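Structural overview
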Amino acid sequence: LFGVNLVFCSVCALIVLFVPMLIVAVAVRLDSKGSAIYKHKRRGQNGKIIYVYKFRSMVTNAEELIKSFTPEQKEEWEKNFKLDHDPRITKVGRFLRKTSLDELPQLLNIIKGDISIVGPRPIIDDELEKYGPYKDKLLSVPPGLTGYWQAYARSECTYEERMRMELYYIDNANFWWDIKIIFATIGPVLRGIGSK
């Protein structure tokens with residue numbers, strides 16, 4: 001899904017969701033110190049550095065706290081780049097992640113042309129290394145707000161399974177499958193399934 005219609009839909013979504021997003025921003029600020037929105041460095045199409053916007057779901061010194069992880073937590077982090085019970089996530093942040101509301105500011109990334117609506121999720125450099133010889137294939141398409149992995153598995157699969165799903169999408173992407181993925185994303189998001 002590309003082009004002017006993509007931007008138009010994203011602008012319309014921002015207008016419709018302005019009040020809910022404002023409420024979320026206030027809740028984040030009241031729950032913990034720091035800005036409501038933060039940007040995180042990721043890799044976009046052709047390896048371009050992009051900064052993905054999110055509602056902050058962690059404490060402000062989250063990156064520093066990685067150093068204080070237990071050996072078990074470090075092992076889990078290095079394997080999956082996430083923790084099932086991450087101590088850095090705030091109370092409001094846990095709700096935002098469960099409902100995927102933390103992703104809403106990425107509508108701005110769509111308007112900027114950083115990401116599409118559907119595609120592989122944008123990842124950090126350490127994750128990119130896991131793709132080995134398939135790195136270039138992953139970066140050959142725009143990353144997406146949602147995707148095959150996020151719609152059908154979310155956090156209910158291993159990172160290796162996620163990689164296979166992302167690469168399978170790239171090999172088989174088409175307009176109608178993108179539409180199906182968008183609708184398939186809605187149900188799990190509303191039910192808070194598989195998101196950590």
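See the structure printed just above.
Reading the values: the criteria
Residues numbered from 1 in each chain as written. Predicted model: local features only at pLDDT ≥ 70, side-chain atom pairs only at ≥ 80, totals over all residues. Heavy atoms only, no water. Phe/Tyr/Trp six-rings, centres within 6.5 Å; stacked < 30°, edge-to-face > 60°. Helix = DSSP H or I, 4+ residues; strand = E, 2+ residues; numbered from the N terminus. Buried < 20%, exposed > 50% of the residue type's maximum accessible area, 1.4 Å probe, protein only. Lys NZ or Arg CZ within 6 Å of the ring centre and 35° of its normal. 1 Å grid on protein atoms, 1.4 Å probe; cavity = no way out; pocket = protein on both sides within 12 Å on 5 of 7 lines; lining within 4 Å. Points joined across faces, edges and corners; volume = space filled by probe spheres on them. Nonpolar A, V, L, I, M, F, W, Y, C, P; charged D, E, K, R; others polar. Core = buried A, V, L, I, M, F, W, Y, C linked by side-chain atoms within 4.5 Å. Contact = heavy atoms within 4.5 Å. Pairing = 2+ DSSP bridges. Expected span 1.5 Å × (residues − 1). Axes fitted to C-alpha atoms, helices over the stretch in contact; angles between N-to-C directions.

**Overview of the packing of aromatic side chains**
Within this structure, the stated rule accounts for eight aromatic pairs. Aromatic side chains Tyr-148 and Tyr-168 sit 5.9 Å apart centroid to centroid with 40 degrees between the ring planes, which places their arrangement in the tilted category. Taken together, the residues Tyr-148 in helix 9 (residues 148-152) and Tyr-168 in helix 10 (residues 159-172) connect sequence positions 20 residues apart. With a relative accessible area of 44%, Tyr-168 lands in the partly exposed category. Members of the aromatic cluster, connected to one another through ring pairs, are Tyr-148, Tyr-152, Tyr-168, Tyr-169 and Trp-177. Note that Lys-39 overlies the ring of Tyr-51, its terminal NZ or CZ placed 5.3 Å from the centroid. In this structure, Arg-88 is placed above the aromatic ring of Trp-77, and the distance from its NZ or CZ to the ring centre is 5.0 Å.

**As for the layout of surface pockets**
Gaps left between atoms are located by rolling a probe of water-molecule size over the structure's atoms. Considering only enclosed or pocket space, the largest pocket measures out at about 1,100 Å³ in volume. Around the largest pocket, the lining is made up of 42 residues, and of these Arg-42, Lys-54, Met-58, Phe-81 and Arg-97 lie nearest the centre. At the level of secondary structure, the elements contributing two or more residues to the lining of the largest pocket comprise strand 1 (37-43), helix 3 (62-65), helix 4 (71-80), helix 7 (125-130), helix 9 and helix 10. For the lining of the largest pocket, a count of residues per class yields 14 nonpolar, 11 polar and 17 charged. Space inside the second largest pocket adds up to approximately 690 Å³. Residue contributions to the lining of the second largest pocket peak at five residues, all from helix 11 (residues 175-191). By residue class, the composition of the lining of the second largest pocket is 13 nonpolar, six polar and two charged.

**Focus on unusual backbone geometry**
The backbone phi angle of Asn-46 is positive, close to 60 degrees, even though this residue is not glycine. Looking at the secondary structure, you find Asn-46 in the loop between strand 1 and strand 2 (49-55). For Asn-46, a relative accessible area of 68% translates into the label exposed. The backbone of Ser-100 shows a phi angle near 65 degrees, a positive value even though the residue is not glycine. Note that Ser-100 resides in the loop between helix 5 (91-99) and helix 6 (106-112). By relative accessible area, which is 12% here, Ser-100 ends up buried.

**Quick notes on the nonpolar core**
If you look at the biggest cluster of nonpolar residues, it comprises 33 residues, and the most contacted ones within it are Phe-55 and Tyr-131. Those elements giving two or more residues to this core turn out to be helix 1 (4-16), helix 2 (18-31), strand 2, helix 5, helix 6, strand 3 (116-118), helix 10 and helix 11. A total of five residues in this core trace back to one element, the largest contributor, which is helix 10. Those residues in contact with Phe-55 that sit more than four places away from it in its chain are Met-21, Val-24, Ala-25, Ala-36, Ile-37, Tyr-38, Leu-96, Leu-101, Asp-102, Leu-104 and Pro-105.

**Quick look at the pairing of strand 2**
Summarising burial for strand 2: five of the seven residues are buried, a large majority. Of the strand pairs in this sheet, strand 1 and strand 2 are connected by seven bridges, and their pairing is antiparallel. Residue pairing in the sheet places Arg-42 in a bridge with Ile-50 of strand 2.

**Quick notes on helix 10**
Here helix 10 spans 20 Å end to end across 14 residues, near enough to the 20 Å set by a 1.5 Å rise per residue. Looking at helix 10, one finds that the buried residues are Tyr-159, Arg-162, Met-163, Met-165, Glu-166, Leu-167, Tyr-169 and Ile-170.

**A look at the packing of helix 2 against helix 5**
Look at helix 2 against helix 5: their axes get within 8 Å of each other, and the N-to-C directions meet at 145 degrees. Contacts between helix 2 and helix 5 involve Val-24, Ala-27, Val-28 and Asp-31 on the former and, on the latter, Lys-91, Val-92, Gly-93 and Leu-96. Of the residues in the contact of helix 2 with helix 5, the class split is five nonpolar, one polar and two charged.

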